[in-house]
Amino acid sequence: MRVLGVDPGLTRCGVGVVDGVAGRPLTMRAVGVVRTPADAELGHRLVAIEQGIEEWLDAHDPEVLAVERVFSQHNVRTVMGTAQASAVAMLCASRRGIPVALHTPSEVKAAVTGSGRADKAQVGAMVTRLLRLDAPPKPADAADALALAICHIWRAPAQNRLQQAVAQNRLQQAAALHASKASAAQSAKTAPTARTAQKGRTA
């Protein structure tokens, strides 16, 4: 599986590509940051992010895009910019038919370090170890993007099993409902015949 991880941000949007499957050594294919100038107009910055993501999709052809799920923070301006960059990344992938997976920061930290409260230095150190790199990727946004990709590769099998179980349960419920309706319809058809026969015997 090849996953493009995206750590969304307006000024620095981390991107990283990882190949691998759960239970086996992983391989980093590329890592970097899509940057936009802080003094540029918002629309121009979003266009720049779109162009950057498109270039990464063209260059690496990922099977899945893993994006950090935006969560509420005290700094509303920061979270708005993160959400906008996240939406651009998801749009780019969806336009190509590439599945998009969202992971919360705590999910990523727990998957990579074993603790949902790990700091950026711990995440960077574990990413370096897991991908057998010489040094932690810089800036931290780039390391976070790789962590997102690793998280998805490791969590995908469990998520797929859960989705299959949910789908199977829905099919069973639909079949039971259909059988119940069919039984009710059959009962409604036979009821008048039974009443007519009873009237005949009474007469």
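Residues numbered from 1 in each chain as written. Predicted model: local features only at pLDDT ≥ 70, side-chain atom pairs only at ≥ 80, totals over all residues. Heavy atoms only, no water.

Chemist: Hey, could you go over the side chain of H60 for me, with residue numbers and the actual values?
Modeler: Mapped onto the fold, H60 is located in helix α1 (residues 42-60). H60 sits in the buried class, given a relative accessible area of 17%. (Helix = DSSP H or I, 4+ residues; strand = E, 2+ residues; numbered from the N terminus. Buried < 20%, exposed > 50% of the residue type's maximum accessible area, 1.4 Å probe, protein only.)

Chemist: Go over the confidence of the model for the chain, please, and point to the residues and values.
Modeler: Counting all residues, the mean pLDDT for the chain is 88, and 85% of those residues have values of 70 or more. Low pLDDT, under 50, characterises residues 160-164; the predicted model gives this stretch 0 contacts beyond four residues in sequence or across chains. (pLDDT = per-residue confidence, 0-100. Contact = heavy atoms within 4.5 Å.)

Chemist: Please provide a residue-by-residue account of the packing of helix α3 (residues 105-113) against helix α4 (residues 120-130), values included.
Modeler: For any two helices packed against each other, one specifies the inter-axial angle together with the distance between the axes. Following both chains from N to C, one finds α3 and α4 inclined at 50 degrees, their axes separated by 9 Å at the closest point. Put simply, α3 runs oblique to α4. In terms of crossing hand, the pair formed by α3 and α4 is left-handed. Two secondary-structure elements touch here, α3 through K109, V112 and T113 and α4 through Q122, V123, M126, V127 and L130. Its residues placed into classes, the contact of α3 with α4 shows 5 nonpolar, 2 polar and 1 charged. (Axes fitted to C-alpha atoms, helices over the stretch in contact; angles between N-to-C directions. Parallel < 35°, antiparallel > 145°, perpendicular 65-115°, else oblique. Left-handed = near helix turned anticlockwise from the far one by under 90°. Nonpolar A, V, L, I, M, F, W, Y, C, P; charged D, E, K, R; others polar.)

Chemist: Lay out the sheet that holds strand β5 (residues 100-103) with the relevant residues and their values.
Modeler: With respect to topology, 5 strands assemble into an open sheet ordered β3-β2-β1-β4-β5, the strand pairing being mixed. Strand pairing shows two members of the sheet lacking a second neighbour, β3 (27-35) and β5, which therefore form its edges. Across this sheet, the average inter-strand angle for adjacent strands is 20 degrees, counted without regard to direction. As defined by bridge partners, strand β1 (residues 2-7) adjoins strand β2 (residues 12-19) across 6 bridges and the pair is classed as antiparallel. Within β2, the residue paired with L4 across the bridge is V17. The sheet strands contacting helix α2 (residues 76-95) are β1, β4 (64-68) and β5, and the helix crosses β4 at an angle near 170 degrees. (Pairing = 2+ DSSP bridges.)

Chemist: Account for the pattern of salt bridges, with residues named and values stated.
Modeler: In this structure the tally under the stated criterion is 9 salt bridges. Between R95 and E50 there is a salt bridge, with the nearest N and O atoms lying 2.8 Å from each other. Note that R95 is positioned in helix α2 and E50 in helix α1, a separation of 45 residues in sequence. Judged by its relative accessible area of 25%, E50 falls in the partly exposed class. Notably, a salt bridge pairs D144 with K120, separated by 2.5 Å at the nearest N-O pair. Within this pair, whereas D144 is found in helix α5 (residues 140-202), its partner K120 is found in helix α4, the two being separated by 24 residues in sequence. Among the charged side chains, a salt-bridge network with shared partners connects E50, E54, D58, R95 and R96. (Salt bridge = Lys/Arg side-chain N within 4 Å of Asp/Glu carboxyl O.)

Chemist: Kindly report on the side chain of T82, identifying the contributing residues and their values.
Modeler: Mapped onto the secondary structure, T82 falls in helix α2. Accessibility expressed as a relative area gives 14% for T82, which makes it buried.

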